[in-house]
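Close look at the chain arrangement
Chain by chain, the residues run as shown.
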Amino acid sequence: KAAPTAYTPSMPLTAPDTIVAVATAPGRGGVGVVRLSGPDARRIAGALIGDRTLTPRTAHFARFRDADGQLIDEGLVLWFPGPGSFTGEDVVELQGHGGPVILDTLVAACVHHGARPALAGEFSQRAFLNDKMDLTQAEAIADLIDAGTRESARAALGSLQGAFSREVNTLVEQLIQLRIYVEAAIDFPEEEIDFLSEGGVADDLTDLIAQADAVLASARQGRLIREGLTLVIAGKPNAGKSSLMNALAGHEAAIVTEVAGTTRDVLREAIQLDGLPLNLIDTAGLRESPDRVEQEGIRRAYDEIRKADRLLVVVDSQEPDVDLTDLASLLPRSQQELDHLDLPVTRVLNKADLSGLEPGARPAPADTFALSAATGEGLEALRDHLKTVAGYQGTGQSRFSARRRHITALEQALAALAKGRDQLHQHAAGELLAEDLRAAQQALEEITGAFTADDLLGRIFSSFCIGK
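The following refers to the structure shown. (Residues numbered from 1 in each chain as written. Predicted model: local features only at pLDDT ≥ 70, side-chain atom pairs only at ≥ 80, totals over all residues. Heavy atoms only, no water.)

Some words on the sheet that holds strand β5 (residues 91-98)
The 6 strands are arranged β3-β4-β5-β2-β1-β6 in an open sheet whose pairing can be described as mixed. If you trace the sheet from one side to the other, it starts and ends with β3 (60-65) and β6 (116-117), each paired once. In this structure, β3 lies alongside strand β4 (residues 71-80), joined through 6 bridges in antiparallel fashion. Among the inter-strand pairings, F64 is bridged to a residue of β4, identified as D73. Each of β1 (19-22), β2 (29-37) and β6 touches helix α3 (residues 122-129); the most contacted strand, β1, lies at about 135° to it. (Pairing = 2+ DSSP bridges. Helix = DSSP H or I, 4+ residues; strand = E, 2+ residues; numbered from the N terminus. Contact = heavy atoms within 4.5 Å. Axes fitted to C-alpha atoms, helices over the stretch in contact; angles between N-to-C directions.)

Set out below in structure tokens:
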């Protein structure tokens, strides 16, 4: 995946120029694709392959030459005339051998003949701006490329095929119908339509809130499938943090020894639990230490804890008189390092095979598990717990992928609808209800891009791959 190019806000979102980029992954491969999009795509391709007739959507064998007529490569050329193309513009794909030097030379030849190197995500952005897809479908392209599990790939494909868009558009259509009725009743009081006393608006509003709640629940599941849960494993030295990470990962991801302070830096491992992505982060043992290297590892550990979705505090169950309710004693210096941090915690009493604790036991306080990372006993109960606290409903439960901004927009829409319901019930204020309905519609339309600020589009598409 190529590093994204910074989006330039001063550049117009709809540019009349022709762009070019390598559309395949960097490195060596059997086939490499260079993609052109724009009004001059066909002319530029003709400068490389010679002035010849190209049949739309048909592969033609061709030899690619530079401006001096020197042979660069040979392969296939395909022409997709707009608007029946991915971007809605004329698109040409040059398919040659997948060597970085060859592909870079092809791009340079296209630039020589008038193309401009594409920004990250600019092909998808043009498809969005030319109404070939909405914003959720464009984002789903990037999600499908980045998918780390089969479930996340399936959810991203659902979004690409319009599953999320249909849910949102249904809400928007119902909102529009409700707004029409409410605003008509406000604008034509002489008709004596008492829409407040009829109860129909209140019922429609209640149904709309219930449907939006259901979409939000699906979106949260979709975001969980896409992003996963970030778990930071923390505790004192030799509590068995690295052993727990290895047990959850299913292989030796971290070095385990009896020497305290073996883990000095942050270790990361991406795994999945029945389709739920988990980002495991193993940290240095937390203690007071004069060692400057160990101090830096501890500082980094606390940095990761602040960014976590959940904290796994590992405790050696052989340690006498452990107060599991006192987090500051389990994580030395946590009182000052993690002040005002609202982070859910799961406590793991490790080495149950050595202490005599029953693996799988659930001692107080809540969310505490006794297990042996060395033998694996009691580990399944922890796995089930992590899926439960994440809200994971299992494979096949997410119809589409979602992002943080989608969740935020749905929450804003629901807040506006709830506020409007209060205005209706408590104050019989039709004008205020109409304004809240308008705000809810605007929040929903930000999801699909029907109403979206240009700076948001820039942030979204600049995170895409070059060539997409």
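Thoughts on the packing of aromatic side chains
One pair of aromatic rings is described through two measures. These are the centre distance and the angle between the planes. Counting across every chain of the model gives 1 aromatic pair. The aromatic ring of F123 is capped on one face by R35, whose charged end is 5.6 Å from the ring centroid. Looking at R42, its charged tip hangs above the ring of W79, at a distance of 6.0 Å from the centre. (Phe/Tyr/Trp six-rings, centres within 6.5 Å; stacked < 30°, edge-to-face > 60°. Lys NZ or Arg CZ within 6 Å of the ring centre and 35° of its normal.)

Re the sheet that holds strand β10 (residues 310-316)
Spatial ordering of the open sheet is given by β8-β9-β7-β10-β11-β12, a layout of 6 strands whose pairing is mixed. Because the sheet does not close on itself, it has two edges, and the strands there are β8 (267-273) and β12 (368-370). Mean inter-strand twist for the sheet, computed between neighbouring axes without regard to direction, equals 25°. Helix-sheet contacts for helix α14 (residues 379-390) involve β7 (229-235), β8, β9 (276-282), β10, β11 (345-350) and β12, and the interaxial angle to β9 is about 110°.

A look at unusual backbone geometry
Residue P83 follows G82 across a cis peptide bond; omega there is 5°. Take P83: it is sitting in the loop between β4 and β5. Cis geometry is adopted by the peptide bond preceding P365, which originates at A364 and carries an omega value of 0°. With respect to the helices and strands, P365 occurs in the loop between α13 (352-355) and β12. Even without being a glycine, K351 presents a positive backbone phi close to 65°. Looking at where K351 falls in the secondary structure, it is placed in the loop between β11 and α13. Among the residues examined, K351 registers a relative accessible area of 22% and is labelled partly exposed. Located in the positive-phi region is D367, a residue other than glycine, with phi close to 60°. Within the secondary structure layout, D367 lies in the loop between α13 and β12. (Buried < 20%, exposed > 50% of the residue type's maximum accessible area, 1.4 Å probe, protein only.)

Side note on the pattern of salt bridges
Summed over all chains, the structure comprises 24 salt bridges. Of the charged contacts in the structure, one is a salt bridge between E411 and R220, with a shortest N-O distance of 2.9 Å. With E411 in helix α15 (residues 404-427) and R220 in helix α8 (residues 200-227), the pair connects residues that are 191 residues apart, well separated along the chain. Residue class for R220 comes out partly exposed when judged on its relative accessible area of 44%. Notably, a salt bridge pairs D316 with K351, separated by 3.4 Å at the nearest N-O pair. Residue D316 is located in strand β10, and its partner K351 is located in the loop between β11 and α13; the two are separated by 35 residues in the primary sequence. Ionic contacts of the salt-bridge type, sharing partners, join the residues E139, D143, R223, R226, E227, R403, R404 and R405 into one network. (Salt bridge = Lys/Arg side-chain N within 4 Å of Asp/Glu carboxyl O.)

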